[in-house]
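Observations on the three-dimensional arrangement
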Amino acid sequence: EKLMEMMALYCREGGKKLRRKCQEGLFNICERLAPKTTSETSTPLHIVVCIDESSSMTLTDEHGISRYVHVRRAFQAFAEDRAGKAAHNNDEVVIITYNLQAQDRTQSGPVPLTADMDAIIGKPSMGGTNFSKALELAYANFEKYLKNAGVASKELVLLFMTDGEDLYPSHSETAMNRIQRLLSKQGDYHLYVIGFGDEAQTPFLQRLAELGGGKYFPCSDGGQLVQQFEVISAEVSAPVMRSKSRP
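1. Re the side chain of Asp52
- Along the chain, Asp52 falls in strand β2 (residues 45–52).
- Buried within the structure, Asp52 lacks any salt-bridge partner; Arg67 is the closest side chain of opposite charge, at an N-O distance of 7.8 Å.
- A distance of 2.8 Å separates a polar atom in the side chain of Asp52 from a polar atom in the side chain of Thr162.
- Leaving out residues up to four positions away in the same chain, Asp52 has contacts with Met57, Tyr68, Tyr98, Thr129, Met161, Thr162, Asp163 and Gly164.

Here it is as structure tokens:
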């Protein structure tokens, strides 16, 4: 309505000064009606990775490459892909390996994603599989990070990988529920559960991913594992869209 009034006034009046006033008014109205544009921002990541190091991870494929080596290589490729993007050079990672117990391989705190992941992850130490120990250690790390950071300045990511069956599923469900409640308070986060090999407990791993508010990826071999990490890298690298008015 206001726009129509200004246009009618512009047509009726011939004065130069008044025409300028009408033009300014039309410009201001059009500016307020202009569509929004978006700017892209990429947030650095705080990543917690849980890697199964039970006995079955030493099984080899037809090329003599163990599952543990496939996992290390796939994560190293993911790290190199992220580190190769200038906007992501502030990513940091905590590596947790687990069997019946869990160990923080980065005990002194998160390390840059540009660090030598092979050296940090090391070799499997054998034994059975207890998911809950790794998830409890992951929860403790996220809790410590958030306490120290106050408000999360990095986007939170959990990568949980296994090739076997959990000996204490109810404990793991409880631990995953706790992680979901903690991370969801911070807003957006990424959570991925990866089952590697044909013996992976797919129905339970799917449930764990759902409890965590994340996704489950099954991988039968090393090639699929690399592909899934490429998908994950693309998802966590997707920019956050922020609206702003067009200048």
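2. Topic: the packing of aromatic side chains
- One pass over the full model with this rule turns up eight aromatic pairs.
- Measuring from ring centre to ring centre gives 5.9 Å for Tyr192 and Phe217, while their planes differ by 15 degrees; the resulting arrangement is stacked. With Tyr192 in strand β7 (residues 189–196) and Phe217 in strand β8 (residues 215–219), this residue pair connects regions lying 25 residues apart in the sequence.
- According to the relative accessible area criterion, Phe217 is buried, its value standing at 11%.
- Grouping aromatic residues by their ring pairs yields a cluster made of Tyr98, Phe131, Phe160 and Phe204.

3. A word on helix α6 (residues 169–184)
- Compared with an ideal rise of 1.5 Å per residue, which puts 16 residues at 22 Å, α6 spans 22 Å between its outermost C-alpha atoms and is within 8% of the ideal.
- Taken together, the buried positions of α6 are Ser172, Ala175, Met176, Ile179, Leu182 and Leu183. Buried residues of α6, seen end-on, are gathered within an arc of 125 degrees and therefore sit on one face of the element.
- Looking at the buried positions of α6, the neighbouring elements they touch are α5 (131–149), β6 (155–162), β7 and α7 (202–211).

4. Points about the environment of Glu199
- Its location among the elements puts Glu199 in the loop between β7 and α7.
- You can call Glu199 partly exposed: its relative accessible area is 49%.
- Once the C-alpha coordinates of Glu199 and Glu165 are considered, the two residues, 34 residues apart in sequence, prove to be 7.7 Å apart.
- Beyond its immediate chain neighbours, meaning those up to four positions away, Glu199 contacts Arg67, Asp163 and Gly164.
- Separated by 2.5 Å, the side chains of Glu199 and Arg67 make a polar contact.

5. Here's the deal with the confidence of the model for the protein chain
- When pLDDT is averaged across the protein chain, the result is 81; 76% of the residues are at 70 or more.
- A low-confidence stretch, residues 30–40 (pLDDT under 50), is modelled with 17 contacts involving residues beyond four sequence positions or located in other chains.
- When the criterion is pLDDT under 50, residues 241–247 qualifies, and its contacts beyond four places in sequence or with other chains add up to 15 contacts.

6. Describing the side chain of Asn130
- Here Asn130 lies in the loop between α4 (117–121) and α5.
- A polar contact is formed between the side chain of Asn130 and the side chain of Ser132, at a distance of 2.6 Å.

7. Examining the nonpolar core
- If you look at the biggest cluster of nonpolar residues, it comprises 31 residues, and the most contacted ones within it are Val48, Cys50, Leu158, Phe160, Ile179 and Val193.
- Among the elements of the structure, β2, β3 (92–98), α5, β6, α6, β7 and α7 are those that each provide at least two residues to this core.
- Counting residues per element, this core draws most heavily on α5, which supplies eight residues.
- Not counting residues within four places of it along the chain, the set of residues in contact with Val48 comprises Val94, Ile96, Ala138, Asn141, Phe142, Val157, Leu158 and Leu159.
- One finds Phe75, Ala79, Leu159 and Phe217 within the second-largest nonpolar core, a separate group that totals 30 residues.

Conventions and cut-offs
- Residues numbered from 1 in each chain as written.
- Predicted model: local features only at pLDDT ≥ 70, side-chain atom pairs only at ≥ 80, totals over all residues.
- Heavy atoms only, no water.
- Helix = DSSP H or I, 4+ residues; strand = E, 2+ residues; numbered from the N terminus.
- Buried < 20%, exposed > 50% of the residue type's maximum accessible area, 1.4 Å probe, protein only.
- Lys, Arg positive; Asp, Glu negative; His and termini not counted.
- Salt bridge = Lys/Arg side-chain N within 4 Å of Asp/Glu carboxyl O.
- Polar contact = N/O pair within 3.5 Å; in protein donor to acceptor, adjacent residues only side chain to side chain.
- Contact = heavy atoms within 4.5 Å.
- Phe/Tyr/Trp six-rings, centres within 6.5 Å; stacked < 30°, edge-to-face > 60°.
- Expected span 1.5 Å × (residues − 1).
- Arc of directions from axis to C-beta.
- pLDDT = per-residue confidence, 0-100.
- Core = buried A, V, L, I, M, F, W, Y, C linked by side-chain atoms within 4.5 Å.

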